[in-house]
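What the coordinates show
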Amino acid sequence: MPRPIEALVHTAALAHNVARARAAVPDARLWAVVKANAYGHGIERAYEGLRGADGFALLDLAEAERIRALGWRGPVLLLEGVFEPRDLELVSRLDLWHTVHCIEQIEWLAAHKTSAPQHVFLKMNSGMNRLGFRPESYRSAWARLNALPQVGEIGLITHFSDADGARGIEHQVRTFAAVTRDLPGERSVANSAAILRHHGTGGLPGVLRGFQGNDWVRAGIMSYGSAADHPEHDAEHWNLRPAMTLHTRLIATQQLEPGDTVGYGSSFTAERPMRIGIAACGYADGYPRHAGSGTPVLVDGEHTRTVGRVSMDMLAVDLSGLPQAGVGSEVTLWGHGPGDTILSIDEVARAAGTIGYELMCALALRVPVRVVD
Ligand SMILES: *Cc1c(COP(=O)(O)O)cnc(C)c1O
């Protein structure tokens, strides 16, 4: 018998979430963002659920190759562009679109021998200060690109630092709109949080409603059913469904007396007699070690909490009030539980001081994954 731990990738949930992105921005074309191996879901496993998108956006040339190998002939965008000049050959061969965010990439293009002009997106650093040309040098970068025979269409792209938070996107939208005002080309600005929060849905002000910058939107985390702005809103609020389940079973139970402690470092002490279960899941499976006692978990679909430190291969759960639970009981770490129960990955992430993104991406290689509807 293998260990009972398993992850599920839910095809119908992915398709539902893609449809949610479409409904939020009906006039835009949609990139499903599949970087980091489809946020830990696996590109090949997520493909069926995501193929209703108009394109795929990712970072890695090897991942782009995998998308093409699946038979995808539509647009594929490299979100960080190429990393060295010879990548441009593969770009041509795989017919990829690529972001141009720095002067070096323009020089590589200028020196590249190509028969077919390449489709690029010129990135503006409109305030995040990670990638892109600053507003004052953006137009000259555009002019340089536009003069290159190696370049065909030039799209215009930027990324928001605070689409999920209080500062918002208005300052960046204003900069981007002013600098690109009379430039031709398709625009792309919105990530998941901007798709959900800034188009006048969900009771929030619609900074992007009517904005001429939504030829393409980039749906990452929302495609996988996590709320980009948790805990202000949860996935249920946005009508998103978890695309990943991590579940396992209890492999032991222990009866504790008052004063008994649980696990390494004895971080949890029983105050009264209580029963706990030992689940076959630990940090080597990708469950966050920083999730302290009290992290939510489902046992046979009932809400309970973890107790003590997470160890490499096991964690302990409180079975108080769950007298029927025992060895073999199903433990849902996140995602879909028995019946219609759901435990949001965002709640688990919050208890561990992180975000749903990180937990999905960290699902360990040793966990078997099954694709289900
Ligand atoms: C990752 C990424 C996205 C997707 O962001 P989400 O918050 O997951 O929707 C969009 N655009 C760029 C440039 C990215 O790197």
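All figures in this text were calculated on a predicted structure; none of them were measured in a lab. In this convention, every chain numbers its residues from 1, walking through the sequence in written order. Two thresholds apply to this predicted model, a pLDDT of at least 70 for residue-level local features and 80 or more for giving and counting side-chain atom pairs, whereas whole-chain, interface and lining totals are computed over all residues. Side-chain measures here rest on the full set of heavy atoms in the structure, leaving out hydrogens and waters.

Some thoughts on the overall build of the chain
Under the DSSP-based scheme used, a helix requires at least four consecutive residues in state H or I and a strand at least two consecutive residues in state E, with every element numbered from the N terminus. In terms of helices and strands, the chain carries 11 helices and 19 strands. Radius of gyration: C-alpha atoms only; globule rule: 2.2 Å multiplied by the number of residues to the exponent 0.38. The C-alpha radius of gyration of the chain comes to 23 Å, within 12% of the 21 Å expected for a compact globule of 373 residues. Its C-alpha atoms put the chain at 75 × 45 × 35 Å along the principal axes. Out of the 373 residues in the chain, the part that is buried amounts to 54%. Throughout, a contact is declared for two residues whenever any of their heavy atoms are within 4.5 Å. Contacts spanning at least 24 positions in sequence make up 66% of the contacts within the chain whose residues lie at least 6 apart. Exposure categories follow from relative accessible area, calculated using a 1.4 Å probe and restricted to protein chains: below 20% of the type maximum is buried, above 50% is exposed, and the middle band is partly exposed.

A short note on the site of the ligand
In the neighbourhood of the ligand, the contacting residues comprise Val 33, Lys 35, Tyr 39, Leu 79, Lys 123, His 159, Asn 191, Ser 192, Arg 218, Gly 220, Ile 221 and Tyr 357. Pairs of N or O atoms within 3.5 Å make up the polar contacts considered here, provided that, within protein, one atom can donate a hydrogen while the other can accept it, and that residues adjacent in sequence are counted only when both atoms are side-chain atoms. Here a nitrogen atom of the ligand and a side-chain polar atom of His 159 are 3.4 Å apart. Between the ligand and the protein, one listed contact pairs an oxygen atom with a side-chain N or O atom of Ser 192 at 2.5 Å. Per-residue and other accessible areas were derived by the Shrake-Rupley procedure at a 1.4 Å probe size, with only the shown protein chains allowed to occlude residues. In isolation the ligand has 390 Å² of accessible area, and contact with the protein removes 92% of it. Proximity is defined per residue: if any heavy atom of the residue lies within 4 Å of a molecule or strand, that residue is considered near it.

Concerning unusual backbone geometry
With omega at 5°, the peptide bond leading from His 230 into Pro 231 counts as cis. Note on placement: Pro 231 falls in the loop between strand 9 (216-219) and strand 10 (244-256). One non-glycine residue with positive phi stands out, namely Ser 266, at about 50°. Phi angles above zero are rare outside glycine, and Asp 300 is one such case at about 50°. Within the fold, Asp 300 resides in the loop between strand 14 (296-299) and strand 15 (302-307).

Remarks on the environment of Ala 15
Position of Ala 15 among the secondary structure elements: in helix 1 (residues 11-24). The partly exposed category is assigned to Ala 15, whose relative accessible area is 37%. Separated by 209 residues in the primary sequence, Ala 15 and Tyr 224 have C-alpha atoms spaced 9.5 Å apart.

Description of the domain arrangement of the chain
Domain delimitation follows an automatic or database domain assignment. Each assigned domain of the chain is listed with its residue range as follows: domain 1 (11-224) and domain 2 (244-372). Just the C-alpha atoms count here: the centres of domain 1 and domain 2 sit 37 Å apart. Domain 1 puts 8 residues into the contact, and the matching count from domain 2 is 8 residues. Here, a salt bridge means any side-chain nitrogen of Lys or Arg that lies within 4 Å of a carboxyl oxygen of Asp or Glu. At the boundary of domain 1 and domain 2, one finds 0 salt bridges. In this structure, the connection of domain 1 to domain 2 is made through 1 residue pair in polar contact (both at pLDDT 80 or more). By residue class, the composition of the side of domain 1 that touches domain 2 is 4 nonpolar, 3 polar and 1 charged. Residue type decides the class: Asp, Glu, Lys and Arg count as charged, Ala, Val, Leu, Ile, Met, Phe, Trp, Tyr, Cys and Pro as nonpolar, and the leftover types, Gly among them, as polar.

Details of the packing of helix 7 (residues 135-146) against helix 8 (residues 170-180)
Simply put, an axis is a line fit to the C-alpha atoms, just over the touching stretch for a helix, and the angle between two N-to-C directions goes from 0 to 180 degrees. As a packed pair, helix 7 and helix 8 sit with axes 10 Å apart at the nearest point and diverge in direction by 35°. When the axes of helix 7 and helix 8 are compared, the crossing they make is right-handed. Contacts from Pro 135, Tyr 138 and Arg 139 in helix 7 reach Thr 175, Val 179 and Thr 180 in helix 8. Grouping the constituent residues of the contact of helix 7 with helix 8 by class yields 3 nonpolar, 2 polar and 1 charged. In this scheme, a crossing is called left-handed if the near helix is turned counterclockwise away from the far one by less than a right angle; it is called right-handed if the turn is clockwise.

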